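# Examination of the molecular architecture
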Amino acid sequence: MWPAGTEIKKRIDEVQALYFQLILLVGGAQTGKTAVLQGLAESLSVPLINVNLELSRRMLDLTERQRALLTQKLLSEIVRAAPGELVLLDNIEILFDVHLQHDPMRLLQGLSRNKSVIAAWNGSIADGHIIYAAPGHPEYRRYPIRDFLVITPDANTDRPER
């Protein structure tokens, strides 16, 4: 069960003191991350962006090389165009595409320098790290929980190391 909306809203205030104003909702597939983001978007009147859809639309007519070169710029434009100081990102799997040749965490952290960002992370937590995909998979990523906040379905929230 995800933490109540009020708990997540408190974390939004807390993240504003960090260098990267980033909160990741970490959970496996079908754990309710999208529902949580939809509820937040409605209750806070903030935009919810389907990253896969919006980025794919902008990359449709680009070559593979152009996509790799323009990913960061296009993603930044999408987020900058969203009104307000908080943006919610769902369906971020495209950021892990190996053909784009980008570090998904760096992309998210870059976005969170100018706005507070809450993103759904389809993965898990182990040994103080967030994980995407399984070891050996081409999209596998493992990052220490540092300089961003993590919220999980069981309300076990992790604070970043400083």
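A short tour of the structure in this document, coming up. (Residues numbered from 1 in each chain as written. Predicted model: local features only at pLDDT ≥ 70, side-chain atom pairs only at ≥ 80, totals over all residues. Heavy atoms only, no water.)

### Looking at the environment of Thr152
The cut-off we apply is this: Starting at the N terminus, helices and strands are each numbered in turn, a helix being any DSSP run of H or I of at least four residues and a strand any DSSP run of E of at least two.
Within the secondary structure, Thr152 is located in the segment after β8 (149–151). Taking C-alpha positions, Thr152 is 8.7 Å from Ile125, a pair spaced 27 residues apart along the chain.

### Observations concerning the side chain of Ser112
Heads up, the condition is: Under this definition, polar contacts are N or O atom pairs within 3.5 Å; protein pairs additionally need one hydrogen-donor-capable and one acceptor-capable atom, and for neighbouring residues in sequence, both atoms have to be side-chain atoms. The contact definition used throughout considers only heavy atoms, calling two residues in contact when any of these lie within 4.5 Å.
Take Ser112: it is sitting in the loop between α5 (104–111) and β4 (116–122). A distance of 2.9 Å separates the side chain of Ser112 from the backbone oxygen of Gln109, its partner in a polar contact. The contacts of Ser112, once residues within four sequence positions are left out, are Tyr19, Phe20, Gln21, Leu22 and Val117.

### Structural notes on the nonpolar core
For clarity, the threshold we go by: Here, nonpolar core refers to any group of buried Ala, Val, Leu, Ile, Met, Phe, Trp, Tyr and Cys residues whose side-chain atoms link them within 4.5 Å. Remark: exposure states derive from per-residue accessible area (1.4 Å probe, protein chains only) relative to the maximum for the residue type, with buried under 20%, exposed over 50%, and partly exposed in between.
Of all hydrophobic cores here, the largest spans 32 residues; its most connected members are Leu24, Leu89, Leu95, Leu108, Trp121 and Ile130. Secondary structure elements with two or more residues in this core: β1 (22–27), α3 (51–59), α4 (64–81), β3 (86–90), α5, β4 and β6 (129–132). With sequence-adjacent residues up to four places away left out, Leu108 is seen in contact with Leu22, Leu24, Leu89, Ile92, Leu95, Ala119 and Trp121. With 18 residues, the next largest nonpolar core counts Val15, Leu25, Ala41 and Ala120 among its residues.

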